[in-house]
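Inside the fold
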Amino acid sequence: MEWKREERKRRRGQAGFSLIELIVVLVILGLLATVVGPKVMERLKGAKRELAKVQIAELEQALDLYSFDMGHYPQGNEGLQALLNNPGGDQWKGPYLKKNSVPKDPWGREYVYRSPGQHGEYDLLALGADGQEGGEGENADVTSWSLGK
């Protein structure tokens, strides 16, 4: 029984972390967050632009298939919905997209589709983070004509 008391006394002195140890760990974590955080956020911004490029390329492929079947690209009033729903015509062999909806751009907005386009038979673009045409950096548009259709 004596050895149990000794064991309890020994454990009391080693039960957990001291306040200073916890503060040191929190300071280290804070320093890591201030150094790594901005770099991670910058990568996320670039990832959204890359995702928009990939989605535009996929939409371009679907538009090309539509054009092959129908003999023309969807008109401006039909928009990208023509890739999912037959706008009229026996030649339509869609849907031309794998999913049952037209994807939104990485910023949560609809892609802008114009036909006829100013840069080709159609223009397809994501408006960037600000949701307005033009801009620089994160706010710059991602366009089909800059990807080389």
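These notes cover the structure that comes with them. (Residues numbered from 1 in each chain as written. Predicted model: local features only at pLDDT ≥ 70, side-chain atom pairs only at ≥ 80, totals over all residues. Heavy atoms only, no water.)

On to the environment of glutamate 58. Looking at the secondary structure, you find glutamate 58 in helix α2 (residues 19–70). As a C-alpha pair, glutamate 58 and leucine 97 span 39 residues in sequence and 8.5 Å in three-dimensional space. (Helix = DSSP H or I, 4+ residues; strand = E, 2+ residues; numbered from the N terminus.)

Further remarks concern the pattern of salt bridges. Tallied over the entire structure, the rule returns three salt bridges. Between lysine 104 and glutamate 110 there is a salt bridge, and its shortest N-O distance comes to 2.5 Å. The exposure class of lysine 104 is partly exposed, given its relative accessible area of 43%. Between arginine 114 and glutamate 133 there is a salt bridge, with the nearest N and O atoms lying 2.3 Å from each other. Of this pair, arginine 114 sits in strand β1 (residues 112–114) while glutamate 133 sits in the loop between β2 (123–126) and β3 (142–143), and the two are 19 residues apart along the sequence. Overall, the relative accessible area of 52% leaves glutamate 133 in the exposed class. (Salt bridge = Lys/Arg side-chain N within 4 Å of Asp/Glu carboxyl O. Buried < 20%, exposed > 50% of the residue type's maximum accessible area, 1.4 Å probe, protein only.)

Moving on, we get to the nonpolar core. Core analysis: the largest hydrophobic core is formed by 23 residues, its most contacted members being Leu59, Leu63, Leu80, Leu83, Tyr111 and Leu124. Counting residues per element, the ones that place at least two in this core are α2 and β2. For this core, the element with the highest residue contribution is α2, accounting for seven residues. With sequence-adjacent residues up to four places away left out, tyrosine 111 is seen in contact with Ala52, Gln55, Ile56, Leu59, Leu80, Pro103, Lys104, Asp105, Pro106, Leu124, Leu125 and Ala126. (Core = buried A, V, L, I, M, F, W, Y, C linked by side-chain atoms within 4.5 Å. Contact = heavy atoms within 4.5 Å.)

Right, let's get into the packing of aromatic side chains. Summed over the entire model, instances satisfying the criterion amount to four aromatic pairs. When the ring of tyrosine 66 is compared with that of tyrosine 96, the centres are 5.8 Å apart and the planes differ by 75°; the resulting orientation is edge-to-face. Placement of tyrosine 66 in helix α2 and of tyrosine 96 in the loop between α2 and β1 is noted, with a sequence separation of 30 residues between them. Here the aromatic rings of tryptophan 92 and tyrosine 96 are separated by 5.7 Å at their centres, their planes lie at 85°, and the arrangement is edge-to-face. Here tryptophan 92 matches tyrosine 96 in class, with each residue buried. Aromatic ring contacts, followed pair by pair, group Tyr66, Trp92 and Tyr96 into a single cluster. (Phe/Tyr/Trp six-rings, centres within 6.5 Å; stacked < 30°, edge-to-face > 60°.)

Looking now at the pairing of β2. In β2, alternate side chains face the same way, and those of Asp123 and Leu125 on one face and Leu124 and Ala126 on the other are all buried. Relative to β2, β1 runs antiparallel, the two sharing three bridges. The partner of tyrosine 113 across the bridge, within β2, is leucine 124. Two strands pair when backbone bridges link them, and β2 and β3 are joined in this way by two bridges, in the antiparallel orientation. When the sheet's bridge partners are listed, leucine 125 is paired in β3 with threonine 143. (Pairing = 2+ DSSP bridges.)

With that out of the way, let us pick up the sheet that holds β3. One open sheet accounts for three strands, arranged β1-β2-β3; its pairing is antiparallel. The open sheet has two edge strands with one neighbour each: β1 and β3.

Before going further, it helps to spend a moment on unusual backbone geometry. The omega torsion across glycine 94 and proline 95 is 5°, close enough to zero to call that bond cis. Mapped onto the secondary structure, proline 95 falls in the loop between α2 and β1. In this structure, the amide linkage connecting serine 115 to the following residue, proline 116, adopts the cis form with an omega of 0°. With respect to the element layout, proline 116 can be found in the loop between β1 and β2.

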